[in-house]
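Summary of the model geometry
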Amino acid sequence: MQVGIINAGNIGLNLAVSWIRLGYDVMLSKDTHPEKLQERVHAIGLERGLNDNELSRFKYGSLVDAAKFGDVVILSAYFPRLGHVLGELHGAGVTFSGKIVIETINPVNVDANFNHYHDVEYMRRTSVTEEIQKAFPEAILFKAFNNIPATLLDPHKWTPDRVPAVIFVGGNPGSTDTARKLIKDAGFRPQFAGPDLKHAGLLESLGLLFHHLVENEHHGNLNISFDVIKPKV
Ligand SMILES: NC(=O)c1ccc[n+]([C@@H]2O[C@H](COP(=O)([O-])OP(=O)(O)OC[C@H]3O[C@@H](n4cnc5c(N)ncnc54)[C@H](OP(=O)(O)O)[C@@H]3O)[C@@H](O)[C@H]2O)c1
């Protein structure tokens, strides 16, 4: 499978490492400071134990190159830069027509003092996913991976009996299996909450709940993830 990653940051790079290991073709791009990308790939390669062959298989390109390269595209922009990123893709004629796009974005904004906050007014009005779909109506759009910290996207941090769920929404009947496979191959347990993108906002609200839990129950420690479990039979 060819995967293009639009903004290989903390989330995108961790996913890319898991997929390159399984033989996927992955093109990385970076929105801000693209010159830092190779250095970050090298760092995460060391951290996650990639060998030279795996490291050499990454392809590099612009945001537009990654959009065109992927059979599947991961859209993982920093929310305050989302308008800019979508504008750049539009400007280059990208439509994502018939392409699976998985976005990971939480509506976390930044103020003049560089404090980050969940933009609850935006969340009341809309969701990131619905806005992306409006901008690219021909994309087969999913939301996934927005409720697990990037540091926990390493499958080696989990044991086979303790693999967290990744809840995803969106797409159409012909594309759900591909999204499911990508989540599984990233090392997680896919849990599909249906195709209706109106429900993407629920996943974004869960992101806000995550931060309240971190603050009030886990003393600011981000090393937690949600799960979906069944009782013993
Ligand atoms: N990170 C998470 O745990 C997480 C979890 C769930 C969802 N998401 C969502 O996924 C999308 C992508 O998130 P991301 O964290 O992967 O974005 P990112 O592009 O890695 O980071 C966003 C911003 O933080 C800066 N940054 C990143 N790594 C840095 C480092 N090591 N040192 C200094 N500055 C650094 C980036 O600047 P540079 O240009 O210097 O890189 C950029 O301005 C976002 O919309 C986010 O809401 C993230």
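Here the structure is a predicted model, which is why all the values come from computation and not from measurement.

Structural notes on the sheet that holds strand β2 (residues 25-28)
Strands sit in the order β3-β2-β1-β4-β5-β8-β9-β10 across an open sheet of eight strands; the sheet is mixed. Since the sheet does not close on itself, it has two edges, and those belong to β3 (59-60) and β10 (189-192), each with one partner. Strand direction decides the pairing type here: strand β1 (residues 2-6) and strand β4 (residues 72-75), joined by four bridges, are parallel. Looking at β4, one finds that Ile 5 is bridged to Ile 74. Sheet strands touched by helix α8 (residues 176-185): β1, β4, β5 (100-103), β8 (140-143), β9 (165-170) and β10. Its angle to β10, the strand with the most contacts, is close to 150°.

Topic: the pairing of β9
Each regular strand carries side chains that alternate between the two faces of the sheet. Among the six residues that make up β9, five are buried, leaving the element largely enclosed by the rest of the structure. Note that β8 and β9 share two bridges and pair antiparallel. Looking across to β9, one finds that Phe 142 is bridged to Gly 170. Where the polypeptide runs from β9 across α8 and back to β10, its parallel neighbour, the crossover connection is right-handed.

Brief notes about the packing of helix α5 (residues 82-91) against helix α7 (residues 128-135)
One can describe the packing of α5 onto α7 by two numbers: an axis separation of 11 Å at closest approach and a directional angle of 20°. The orientation of α5 relative to α7 falls into the category roughly parallel. Crossing handedness for the pair α5 and α7: right-handed. Two secondary-structure elements touch here, α5 through Leu 82, Leu 86 and His 90 and α7 through Val 128, Ile 132 and Ala 135.

Here we look at the site of the ligand
The environment of the ligand is formed by 21 residues, the closest being Ile 11, Lys 30, Thr 32, Arg 40 and Ala 77. For the ligand, an oxygen atom lies 2.8 Å from a polar atom in the backbone of Asn 10. Here the ligand, which alone exposes 860 Å², has 70% of that area covered by the protein. With respect to the detected pockets, the ligand is housed in the largest pocket. Its residues assigned to classes, the shell around the ligand shows nine nonpolar, nine polar and three charged.

Reading the values: rules and limits
Residues numbered from 1 in each chain as written. Predicted model: local features only at pLDDT ≥ 70, side-chain atom pairs only at ≥ 80, totals over all residues. Heavy atoms only, no water. Pairing = 2+ DSSP bridges. Helix = DSSP H or I, 4+ residues; strand = E, 2+ residues; numbered from the N terminus. Contact = heavy atoms within 4.5 Å. Axes fitted to C-alpha atoms, helices over the stretch in contact; angles between N-to-C directions. Buried < 20%, exposed > 50% of the residue type's maximum accessible area, 1.4 Å probe, protein only. Right-handed = clockwise from strand over helix to strand, strands pointing away. Parallel < 35°, antiparallel > 145°, perpendicular 65-115°, else oblique. Left-handed = near helix turned anticlockwise from the far one by under 90°. Near = heavy atom within 4 Å. Polar contact = N/O pair within 3.5 Å; in protein donor to acceptor, adjacent residues only side chain to side chain. Areas by Shrake-Rupley, 256 points an atom, 1.4 Å probe, with all protein chains shown as cover. 1 Å grid on protein atoms, 1.4 Å probe; cavity = no way out; pocket = protein on both sides within 12 Å on 5 of 7 lines; lining within 4 Å. Sits in = over half its atoms within 2 Å of the grid points. Nonpolar A, V, L, I, M, F, W, Y, C, P; charged D, E, K, R; others polar.

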